[in-house]
Amino acid sequence: MSFLSATLSRVKPSPTIAMTAKAAELKAAGRDVIGLSAGEPDFDTPQNIKDAAVAAIAAGKTKYTAPDGIPELKQAVCAKMKRDHGLDYTPAQISVGTGGKQTLYNALMATMNDGDEVIIPAPFWVSYPDMVLLAGGTPVVVETTLANSFKLTAEQLEAAITPRTKWFIFNSPSNPTGAGYSRDELKALTDVLMRHPHVWIMSDDMYEHLAYDGFEFCTPAEVEPGLYDRTLTCNGVSKAYAMTGWRIGYAAGPVELISAMRKIQSQSTSNPCSISQWAAVEALNGTQDFLAPNNETFKRRRDLVVRMLDEIDGITCPTPEGAFYVYPSIAGLIGKTTPAGTVIENDEAFATALLEEADVAVVFGAAFGLSPNFRVSYATSDAALTEACARIQRFCASLR
Ligand SMILES: Cc1ncc(COP(=O)(O)O)c(C=O)c1O
């Protein structure tokens, strides 16, 4: 019998992190690899946020805090929920964790029992199914289609709900597709959820602020106030504020759930870094002026990547509403052979050959539960993106 837990045997390590590590290994060996696999902005954290962290250190705000966040940050989250979504929350309804990842994980750990099902539209952020498994639940994956812009339909959601469904995980704009649901598209889903009062909604709004071409972000609790009492709205400062390393995420929801999440956090990690929490107060309360220019940059890069990839014979690359990812299909390349003799049997073979033969790192679609595709993160310089897409073009042209 293994020393390791049975639960752990059901979980796989993050494939996005594995791909980034493989690219780093090749780079260290002297290869000129362009990495398009990391899920973080290449921008620096804004200066006002860094200044707030330095001020917090100088003021000695370097001790334990309440396990799930300082009152000032909870207040800032309440103000944000009111300002951006018209939703009323009190600090007792807010949980602050070490990144968005921890708040999502706490919520699942606090609620899952054996046999509980969690509906996850695919393609999905890689951690959702494994977190559900770690918490003892059963992921119910529902595949979306490129034809429907990778968005779940009301009919698909209705068909996936069973008496054992506990949560529906919703992520818009999405990692890995960038797909963002319009108010009408989301309303079609919330109408279904209104008919099933036992299903709770976990909305992961991490890419809220990264949206282009006038796309208007909305979140389930604002689209359907009738769901307020069974919705956990999760968000964080990692992506929009270029603060991935600071590790601050937060969630807003019913007091009973938030208290249960606090219990888990108080017996595991305790509070997220005190200094990062003060930086996050400034991120949420301070100027939001840098968001618009950052988004212009991201939009320009998105358009560049979509244009160059969609030109390729055998690749279809739709234009998504937000985040900093595109999720092209390689259906037209399956069965072809690379110059080194590898048969592109699936998207994993494609991504591996692309890295080994063309020095471009992307993440294969199977990691996100929908194939045959790959994910490109365009959170890198225009020059690197242009060169990487040119390499992908040449690589695809060389397939026989
Ligand atoms: C959809 C989604 N949710 C949550 C997270 C976690 O963010 P954090 O770095 O704040 O833990 C990520 C990070 O990649 C993400 O893509």
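Thresholds, definitions, all that
Residues numbered from 1 in each chain as written. Predicted model: local features only at pLDDT ≥ 70, side-chain atom pairs only at ≥ 80, totals over all residues. Heavy atoms only, no water. Helix = DSSP H or I, 4+ residues; strand = E, 2+ residues; numbered from the N terminus. Rg over C-alpha atoms; globule rule 2.2 N^0.38 Å. Buried < 20%, exposed > 50% of the residue type's maximum accessible area, 1.4 Å probe, protein only. Contact = heavy atoms within 4.5 Å. Areas by Shrake-Rupley, 256 points an atom, 1.4 Å probe, with all protein chains shown as cover. Lys, Arg positive; Asp, Glu negative; His and termini not counted. Charge placed at Lys NZ, Arg CZ, Asp CG, Glu CD. Pairing = 2+ DSSP bridges. Right-handed = clockwise from strand over helix to strand, strands pointing away. Near = heavy atom within 4 Å. Polar contact = N/O pair within 3.5 Å; in protein donor to acceptor, adjacent residues only side chain to side chain. Nonpolar A, V, L, I, M, F, W, Y, C, P; charged D, E, K, R; others polar. Patch = residues over 30% accessible without salt bridge, like charges linked within 9 Å, V, L, I, M, F, W, Y side chains within 5 Å. Salt bridge = Lys/Arg side-chain N within 4 Å of Asp/Glu carboxyl O. Domains from an automatic or database assignment. Buried area = accessible area lost by both parts, 1.4 Å probe.

J.: Talk me through the overall build of the protein chain; I want residue IDs and the actual numbers.
T.: Helix and strand counts for the protein chain come out as 14 helices and twelve strands. Scaling as 2.2 N^0.38, a compact globule of 400 residues should have a C-alpha radius of gyration of about 21 Å, and the protein chain matches this with 21 Å. Its C-alpha atoms give the protein chain principal-axis dimensions of roughly 60 × 55 × 55 Å. A total of 400 residues make up the protein chain; the buried ones form 56% of that total. Taking the intrachain contacts of the protein chain between residues at least 6 apart in sequence as the baseline, contacts between residues at least 24 apart amount to 74%. Roughly 16,100 Å² of accessible area belongs to the protein chain as shown, and the carbon and sulfur atoms make up 55% of that amount. Charge separation in the protein chain, taken as the distance between the mean sites of 34 positive and 45 negative side-chain charges, equals 4 Å.

J.: Now, about the pairing of strand 3 (residues 117–122): what can you tell me, with residues and values included?
T.: The element strand 3 is extensively covered by neighbouring structure, given that six of its six residues are classed as buried. A two-sided burial pattern is seen for strand 3, the buried positions comprising Glu117, Ile119 and Pro121 on one face and Val118, Ile120 and Ala122 on the other. Where strand 3 and strand 4 (residues 138–143) come together, six bridges link them in parallel fashion. If you follow glutamate 117 over to strand 4, its bridge partner there is threonine 138. Crossover connection from strand 3 via helix 6 (residues 127–134) to parallel strand 4: handedness right-handed. Here strand 3 runs beside strand 5 (residues 165–171); their pairing, made up of three bridges, is parallel. Counted as the bridge partner of valine 118 is tryptophan 167 from strand 5.

J.: Run through the site of the ligand, naming residues and quoting values.
T.: Near the ligand you find 13 residues, and of these Gly100, Asp204, Tyr207, Ser238 and Lys239 are the closest. One of the side-chain nitrogen or oxygen atoms of serine 238 is found 2.6 Å away from an oxygen atom of the ligand. Protein coverage of the free-state accessible area of the ligand, which is 390 Å², stands at 92%. Sorting elements by how many residues they give to the shell around the ligand places helix 5 (residues 99–111) first, with three residues. Residues belonging to the shell around the ligand are distributed by class as follows: four nonpolar, five polar and four charged.

J.: So what's going on with a nonpolar patch on the surface? Which residues, and what values?
T.: Side chains of Phe3, Leu4, Leu8 and Leu134 sit close together on the surface and give an oily, nonpolar patch of about 450 Å² of accessible area. Mapped onto the elements, leucine 8 comes out in helix 1 (residues 6–9).

J.: How would you summarise the domain arrangement of the protein chain if you had to cite specific residues and measurements?
T.: Looking at the protein chain, the domain boundaries give domain 1 (6–44 + 290–397) and domain 2 (65–285). Look at where the C-alpha atoms of domain 1 and domain 2 centre, and you get two points 26 Å apart. Residue-level contacts link 36 residues of domain 1 with 35 residues of domain 2. The contact between domain 1 and domain 2 buries some 3,000 Å² in all, and 62% of this surface belongs to carbon and sulfur atoms. Among the residues of domain 1 in contact with domain 2, Glu321, Phe368 and Leu370 are the three that bury the most area, contributing 21% of the side total. Our enumeration of links across domain 1 and domain 2 arrives at four salt bridges. Aspartate 213 serves as the salt-bridge partner of arginine 302, at 2.7 Å between the closest nitrogen and oxygen. Across the domain 1-domain 2 interface, the total number found is 16 residue pairs in polar contact (both at pLDDT 80 or more). Only helix 2 (15–28), helix 12 (291–310) and strand 9 (325–326) provide two or more residues apiece to the side of domain 1 that touches domain 2.

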